[in-house]
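# Structure assessment
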Amino acid sequence: MLVQGRHVGLAVMSLLLLWQEAAPIEVPLDPMIRQSMKQPPTIVRQSLKDYIVDPRDNIIIECEAKGNPLPTFSWRRNGKFFNIGKDPRVNMRKRSGTLEIGWGRPEDYEGEYQCFANNDHGAALSNKILLRVSKAPLWPKEVLEPVVVAEGSPLVLTCNPPPGLPPPYTFWMNSAMMPIPQDRRVSMGLNGDLYFSNVLPKDAHTDYSCNARFLFTHTIQQKNPFTLKVQTNEPYNDTLSYNSSDPYSGRKVAESTPTILSPSGTDSSKMVLRGEQLLLECIAAGLPTPSIKWFKKGGDLPTQKVKFENHNKTLKVVSVSEEDAGEYMCMANNRIGSIQHSISVEVKAAPYWLDMPANLVLAPDENGRLVCRANGNPKPHIQWLVNGEPFEASLPNPSRQVLGDTIIFRSVQIGGSAVYQCNASNHHGYLLANAFVNILDMSPRIMGPKNQLIKVIKTNHTFLDCPFFGSPIPLLRWFKNGQGSGLDGGHYRAHINGTLEIMRARAEDEGTYTCVASNLLGKTENQVRLEVKEPTRIVRLPQHQSANRGSLARFDCKVQSDPSLPVEVVWMKDDKPLSLGWRLKKEEESLSIPNVNEGDEGTYTCTVTSEIDQDSASARLSVLEEASLNPSVSSALPTDRPDPPLDLDLSDPAARSVRLTWIPGNDHNSPITQFIVEFEEDRWQPGTWQNLSSYRGDHNSVILQLAPFVNYQFRVIGVNAVGQSEPSRPSPRYKTSGSPPDFIPSGLRGWGTKKTNMEITWEPLLDLQRNGPNLQYNVWWRRKDSGEEWNNVTTAGSKHVIHDTETYVPYELKIQSTNDYGNGPVSNIVIGYSGEDKPTDPPTDLRVSKVDSTLVHVHWKPVDPSTILGEFNEYKLYYWREASQLKNLPVNKEVKNKGFHSTAAQPSGVLGELVPYSHYKMFMVVANSGHEGPPSNTVEFTTKEGVPGAPKFFRIVPWSDDHIRLEWDTPQEPNGILIGYQLKYQTVNGSRVGRQRVETFLPNETVHTMRLPYRSARFKFSLSALTRVGAGDEYVEEAPYSANEAYKKDHVDIATQGWFIGLMCAIALIVLILLIVCFIKRSRGGKYPVRDKKDLPLDNVDQKEQDGSFDYHSDEDNKPLQGSQTSLDGGVKESDDSLVDYGEGGDGQFNEDGSFIGQYTVKKDKDETEGNESSEATSPVNAIYSLA
């Protein structure tokens, strides 16, 4: 029987280990979603469990709850229904469960109250509220006899305050209302009694009065005063001053060994609850007054939590936990002797949460669980209730199962919403938690702003948000410009929260993005417009400069930005806004500082900001002394890099530090702003200088923090606005002493490279972390939870391999570095695993349900975890498209896979993005981190018909003056039987669109010619294919121009073409040249008549003769020459002389002023025969005029 029970327990434990519910739906904070979503009640405010009220005030018992619809409220008092309507003194606030109890006796309403909040989807409960009325009773009448005690004896004056609610605070005072002085000898105990370790004569008074202060009523009750008489053996002179070292003023009083006044006896016990404070008291009597010390048996006192009060007589431990239990010892000792008292402390615990149940929102057919884990001492009892009633009394529900502290829900259905209560209790207290299970079905909703505009800088990351909600959780996909398949891959990344991430925005990424969320109940979409902008940059930066006092300084800041983004340029000085005033001038691309003075010195920053980015650049201005004020300074005051620092000196040596001092070099009129200290060591990287630290320019003596076991030398570099100096000469070497390592090697991990080994690796320490010679690593390992001893090895490498391990066994690992000086700190324990092997078993009973056009629900039976032989990674489903239900349609049979990470007892998942109207096959394997197991059974299924894809192409071809031709092809994926095509078209004018028109075509039509109603309008066309399910993706095109324009573009007027105009011009030019040549040829041979006789000299002035000759020196010299004229008798008078005789050439040509070009063919001593022909000298210009 015991074995059988053990097997049942193991089965339940295995079920819980394998169970993992579907991720619960997280309801967004969007108020529209929450207002429309039905929700069971939730208690949001309630009174304290132990509720004490002031009898002078009205009683208010709070109970507030939320839900949809709004909950109604009812109360139980002392376990029975509390009828509020029958008591006129009790009122319940509107839309609330809060009770207000007015006039009457408050004591009549003491009791235990519990609030119930109900609506159509369940009932939530408040805690049980114990209402009690505060009480401040009077001190009982009593007659107190005088207390007589011998000098040096102990004494206890009892208080015994009246029991109040809550208990009063006690204190002792005298008749003058002054506190009784307390010290090591006299003190008040935790119970309010006043303890005297030994009595002195000066303690004799008649007014020791105990007082009780009641917090709620703010009253103080006073007990009748005690009269204390002290008996002395010798007369007591109270005029002497008190001496703490000899309180008895030399009088002989018998000394005594310590005794314990409180608590009584040699041992006692104390019980305290976890989380409360522990107060232990130890008050001793004795003469001299004993001192108190505290110990804990078997360990040290928890110093972080312990406080000593009341002159060490009280030990207080705050926030007690289980480890504070044990035996505490107090020791009282004086010079006569000592005594001990043992206090056994037991720590109990009221229930406290380990795993508090949380609200659960599930879609139909999903799985989930509520977990209620609590701890306490003793172990609390867990009880489940549903809607305030015991679980056993509720209606049976096959979709839920209670397994101890867990309720498991499987394939929940609409109507199964309820509020579950978990009560964890022991005799120290109880916990009550409400958690609702809300079964929600809701079509997809997109919660973000509609038609959002996002601007992003080119090459920057950007995120397009599309927050969505629905139940079941919708599938969300992104599309660009209404075309193509979902965006995910390349430089796009779709996140599960609906955000589309664009890694590096490019100009071609600009456009309209559409997010579509869909589940079984419907779909919705939203659009985001993305604009990609050029970055805002400072292309001409301000430069460091030095300026003479009184001169002009100018800093450039030229900005380049996207033309569509306005920018603002702001100047700052030393990281504070720059006040321009009347002197400083901010120009478009610079900042001018005239009449520079010492106050202008500093760092100037130009910041340019657009609405989506910014850029900044800085430069320093150094102000130099004006040359006229110091004759020793040249007028130019040139600047340069500083000289190297000098005279490096080491002092104040320590184990890990040394002081370095140097003399700065000449700064060459530019102040030194920084010193860089470098070091070189001769053990690990000899000859390599490395940066150690940097310091401000006004430092020249610094403490250098060093590493152990390094032989250093140092050098210093000065820096000013011009640049860095050359390094200084190296300092003397300084060698630090060695020490154990300070660092723990990082990256400790254990993993198997084979199924029978585990490789332990770590990151070795850096050279400067060695701290000494012979650095090695101590490595420990052992099987987790085996209780075996640690195995260890010491190695100088960074890897150790353990062989002959079992497959996939967890190991505990830790590591420590060590050198010749000792061991370093030990790392925390890390869990590693030996190697994995191939899983041995396949998933079984692979099947499908709820087959849709693009998705299918997949179910399988999981494998035994022990057969995975490694860390469970996923169930991997392999699937491929075998064929289309359409004949002769080629398909891609590429094998795809999808992983499911479920470890539920009855796992399931959804396979999406399937092609509609297709035959599929699939099988499943289980995979660990490195291997896959054998395949499951192969399953075949057929997807339903869906909406088709977009047509392969869609073209708009101009056809005539007012007709266009539309051409398209069938979709790549019909996704069903095509029943036709649908064409939508409308006019567009910028952002305005006209009324949409729709036409449909038969499935065998792929060409359509249409007449446009408006010739000059631009049209937008959208074409989609149709199946019986509906219209598919649209192929959108815009006519690039109107049909009329297209017709004119295709039928071009040849007279307006450039090539034709050029050809005509060339032909005209050729014709013109030919005409000119013809006229010139025609004029060849014409002669100018000169003198009749060639030997007749020319007179100074020749008059015109009747023979037609002309005077050579005529006043008409500057006019165009006329041709020779025929004589009156028709003969031609010609001279024997020719103009050739007066020309400079011998070829018979004559050029004068460019006004004519003639050729004279008359030769000397030759008779002319052309007397009857009129001759005219013709120039090219005249020829052109003739043409005109």
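A quick note: this is a predicted structure, and the numbers were derived from the prediction, not measured. (Residues numbered from 1 in each chain as written. Predicted model: local features only at pLDDT ≥ 70, side-chain atom pairs only at ≥ 80, totals over all residues. Heavy atoms only, no water.)

### Quick look at the overall build of the protein
On a plain count of helices and strands, the protein comes out with five helices and 88 strands. In the protein, which comprises 1188 residues, the proportion classed as buried is 40%. The long-range fraction of contacts in the protein, counting pairs at least 24 apart against all pairs at least 6 apart in sequence, stands at 65%. When the accessible surface of the protein is summed, it comes to about 65500 Å², and 50% of that surface belongs to carbon and sulfur atoms. (Helix = DSSP H or I, 4+ residues; strand = E, 2+ residues; numbered from the N terminus. Buried < 20%, exposed > 50% of the residue type's maximum accessible area, 1.4 Å probe, protein only. Contact = heavy atoms within 4.5 Å. Areas by Shrake-Rupley, 256 points an atom, 1.4 Å probe, with all protein chains shown as cover.)

### Things to note about the state of the cysteines
Taken as a whole and assessed by the stated rule, the structure comprises six disulfides. The disulfide partner of Cys-63 is Cys-115, and the S-S distance across this bridge is 2.0 Å. Linking Cys-63 and Cys-115, the disulfide has an S-S dihedral of approximately -75° and is accordingly described as left-handed. Of this pair, Cys-63 sits in strand β4 (residues 63-68) while Cys-115 sits in strand β9 (residues 111-119), placing them 52 residues apart in sequence. With respect to class, Cys-63 is no different from Cys-115; both count as buried. (Disulfide = S-S within 2.5 Å.)

### Quick look at the sheet that holds strand β3 (residues 59-61)
Strand order in this open sheet of three strands is β3-β8-β7, and the pairing throughout is antiparallel. Single-partner strands in this sheet number two, and they are β3 and β7 (90-92). Taken over all neighbouring pairs, the strand axes of this sheet differ in orientation by 20° on average, direction set aside. Bridging between β7 and strand β8 (residues 99-101) involves three bridges; their strand directions are antiparallel. Within β8, the residue paired with Asn-91 across the bridge is Glu-100. (Pairing = 2+ DSSP bridges. Axes fitted to C-alpha atoms, helices over the stretch in contact; angles between N-to-C directions.)

### Focus: the environment of Thr-840
Take Thr-840: it is sitting in the loop between β71 (830-833) and β72 (844-849). Using a relative accessible area of 46% as the deciding quantity, one classes Thr-840 as partly exposed. Here the alpha-carbon distance between Thr-840 and Gly-933, two residues 93 residues apart in the chain, equals 5.9 Å. Residue contacts for Thr-840: discarding those within four places in its chain leaves Thr-867, Leu-869 and Pro-934. A polar contact is formed between the side chain of Thr-840 and the side chain of Asp-841, at a distance of 3.3 Å. (Polar contact = N/O pair within 3.5 Å; in protein donor to acceptor, adjacent residues only side chain to side chain.)

### Topic: the pairing of strand β78 (residues 939-942)
Alternating residues of β78 divide into Val-939 and Phe-941, all buried, and Glu-940 and Thr-942, none buried. Direction of pairing for strand β77 (residues 918-928) relative to β78: antiparallel, over a ladder of four bridges. Note on β78: the bridge partner recorded for Met-922 is Val-939.

### Regarding the side chain of Thr-736
Mapped onto the fold, Thr-736 is located in the loop between β63 (734-735) and β64 (746-751). Given a relative accessible area of 3%, Thr-736 falls into the buried group. Within polar-contact distance, the side chain of Thr-736 engages the backbone oxygen of Ala-707 at 2.7 Å.

### Overview of the nonpolar core
In this structure, Ile-61, Trp-75, Phe-82, Val-90, Leu-99, Tyr-113 and Leu-131 are the most contacted members of the largest nonpolar core, which totals 29 residues. If you list the elements that add at least two residues to this core, you get β2 (50-53), β3, β4, β5 (72-77), β8, β9 and β11 (129-133). Ignoring anything within four residues of it in the chain, the contact list for Val-90 reads Phe-82, Ile-84, Leu-99, Glu-100, Ile-101 and Tyr-109. Counting 20 residues, the second-largest nonpolar core is a separate cluster that includes Leu-155, Leu-157, Phe-196 and Phe-226. (Core = buried A, V, L, I, M, F, W, Y, C linked by side-chain atoms within 4.5 Å.)

### Overview of the confidence of the model for the protein
The pLDDT averaged across the protein works out to 83; a share of 84% of its residues lies at or above 70. Taken as a whole, residues 627-635 scores under 50 in pLDDT and shows seven contacts with residues more than four places along the chain or in a different chain. Low pLDDT, under 50, characterises residues 1086-1188; the stretch is placed with 98 contacts to residues that sit more than four places away or in other chains. (pLDDT = per-residue confidence, 0-100.)

### Comments concerning the packing of aromatic side chains
Tallied over the full model, the rule gives 28 aromatic pairs. Between Trp-880 and Phe-923 the ring centres are 6.1 Å apart and the planes differ by 65°, which places this aromatic pair in the edge-to-face class. With Trp-880 in strand β74 (residues 872-884) and Phe-923 in strand β77, this pair connects stretches of sequence that are 43 residues apart. Summarising the aromatic geometry, the rings of Tyr-985 and Phe-1021 are spaced 5.8 Å apart at their centres and angled 25° between planes, so their arrangement reads as stacked. Of this pair, Tyr-985 sits in strand β81 (residues 980-989) while Phe-1021 sits in strand β85 (residues 1018-1026), and the two are 36 residues apart along the sequence. As far as the burial class goes, Tyr-985 and Phe-1021 line up, both buried. Following the ring pairs from residue to residue traces out a cluster consisting of Trp-860, Phe-872, Tyr-875 and Phe-900. (Phe/Tyr/Trp six-rings, centres within 6.5 Å; stacked < 30°, edge-to-face > 60°.)

### Observations concerning the pattern of salt bridges
Counted by the stated rule, this structure contains 52 salt bridges. Linking Glu-255 and Arg-335 is a salt bridge whose minimum nitrogen-to-oxygen distance equals 2.4 Å. Remark: Arg-335 occurs in the loop between β27 (326-333) and β28 (338-355) and Glu-255 occurs in the loop between β19 (228-231) and β20 (256-262); sequence separation between them is 80 residues. Judged by its relative accessible area of 63%, Arg-335 is exposed. For the salt bridge of Glu-680 with Arg-733, the shortest nitrogen-to-oxygen distance reads 2.6 Å. Taken as a pair, Glu-680 in strand β59 (residues 674-681) and Arg-733 in the loop between β62 (711-719) and β63 lie far apart in primary sequence, 53 residues in all. Its relative accessible area of 5% is what places Glu-680 among the buried residues. The network of salt bridges with shared partners includes Arg-45, Glu-62 and Glu-64. (Salt bridge = Lys/Arg side-chain N within 4 Å of Asp/Glu carboxyl O.)

### Quick look at a nonpolar patch on the surface
Residues Trp-1059, Leu-1063, Met-1064, Ile-1067, Val-1071 and Leu-1075 make up a contiguous nonpolar surface patch of roughly 550 Å² in combined accessible area. Relative to the helices and strands, Val-1071 is located in helix α4 (residues 1058-1082). (Patch = residues over 30% accessible without salt bridge, like charges linked within 9 Å, V, L, I, M, F, W, Y side chains within 5 Å.)

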